[in-house]
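# Structure at a glance
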Amino acid sequence: MTLNESIAVAVLGAGDMGGTVIGHLKECKQVGRIVAYDVDAKRLDEVRQSERVDAAADLGAVLSDRSIPLVFVTASNPAHKDLTMKSLAAGKAVMCEKPMAATLADAIAMVEAAETLRWR
Ligand SMILES: NC(=O)c1ccc[n+]([C@@H]2O[C@H](COP(=O)([O-])OP(=O)(O)OC[C@H]3O[C@@H](n4cnc5c(N)ncnc54)[C@H](O)[C@@H]3O)[C@@H](O)[C@H]2O)c1
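Now for a description of the structure that goes with this document. (Residues numbered from 1 in each chain as written. Predicted model: local features only at pLDDT ≥ 70, side-chain atom pairs only at ≥ 80, totals over all residues.)

## Observations regarding helix α1 (residues 16–26)
For α1, the complete set of buried residues consists of Gly18, Val21 and Ile22. In a view along the axis of α1, the buried residues occupy a sector of 105 degrees, so they form one face of it. Of the residues in α1, the exposed ones pointing more than 90 degrees away from the buried face are Asp16, Thr20, Gly23 and His24. Looking at the buried side of α1, the elements it contacts are β1 (7–12), β2 (31–37), α2 (41–51) and β4 (70–73). (Buried ≥ 20, exposed ≤ 12 C-beta atoms within 10 Å, placed from the backbone. Helix = DSSP H or I, 4+ residues; strand = E, 2+ residues; numbered from the N terminus. Arc of directions from axis to C-beta. Contact = placed C-beta atoms within 7 Å.)

Below, the structure written as structure tokens:
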């Protein structure tokens, strides 16, 4: 990738923080397409309309999309570990909202997964 190229980014969790992250991503000239994903179809549709971003109701489709190298995990806290692990397994770079995990053991597992899955 060169400095003039743009990337696609997925935002997993389209609540308040998801909307904030989308707002920041839209200001970033290196970001081309933004794809929002949420388990709440109503919320997803609201974000699609208000932010004018792509919306995906199928996590598998987002994670198998090879044009998306980076995901932001902005879903509710209990979903952080699962979304992060699945994203890393799909080869994505992950930015996860705080708190990243509910327990230290989960946080360590997420970091170890990032080190072994993402960068292999
Ligand atoms: N809002 C803030 O100012 C703020 C500040 C700092 C950190 N955060 C962090 O951001 C995260 C989200 O907070 P919020 O305020 O946006 O909450 P929110 O309740 O507004 O939004 C959470 C969204 O996650 C979705 N969601 C839940 N489970 C999901 C799953 N498995 N897959 C996809 N989407 C799922 C929900 O449907 C909802 O739309 C939290 O971890 C929070 O700690 C928020």
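## What about the nonpolar core?
By size, the foremost hydrophobic cluster in this structure holds 25 residues, and its most contacted members are Ala10, Val11, Leu12, Val35, Ala36 and Val73. When contributions to this core are tallied by element, the ones reaching two or more residues are β1, α1, β2, α3 (59–63), β4, α4 (80–89) and β5 (93–96). In this view, Val73 contacts Leu12, Gly13, His80, Leu83, Thr84, Val94, Cys96 and Glu97; residues no more than four positions away in its chain are not counted. (Core = buried A, V, L, I, M, F, W, Y, C linked by C-beta atoms within 7 Å.)

## Observations regarding the pairing of β2
Where β1 lies against β2, five bridges are found, and the strand directions are parallel. Considered in β2, the bridge of Val9 is made with Ile34. Each parallel crossover has a hand, and for β1 linked through α1 to β2 it is right-handed. As defined by bridge partners, β2 adjoins strand β3 (residues 54–56) across three bridges and the pair is classed as parallel. Each residue of the ladder has a partner; that of Val35, found in β3, is Asp54. In this view, the connection linking β2 to its parallel neighbour β3 by way of α2 has right-handed handedness. (Pairing = 2+ DSSP bridges. Right-handed = clockwise from strand over helix to strand, strands pointing away.)

## A short note on the sheet that holds β2
Across the sheet, which stays open at both edges, the five strands sit in the order β3-β2-β1-β4-β5 with parallel pairing between neighbours. If you trace the sheet from one side to the other, it starts and ends with β3 and β5, each paired once. Strand after strand, the sheet turns through a mean of 25 degrees between neighbouring axes, direction not considered. Packed onto the sheet, α2 meets β2 and β3 and runs at close to 165 degrees relative to β3. (Axes fitted to C-alpha atoms, helices over the stretch in contact; angles between N-to-C directions.)

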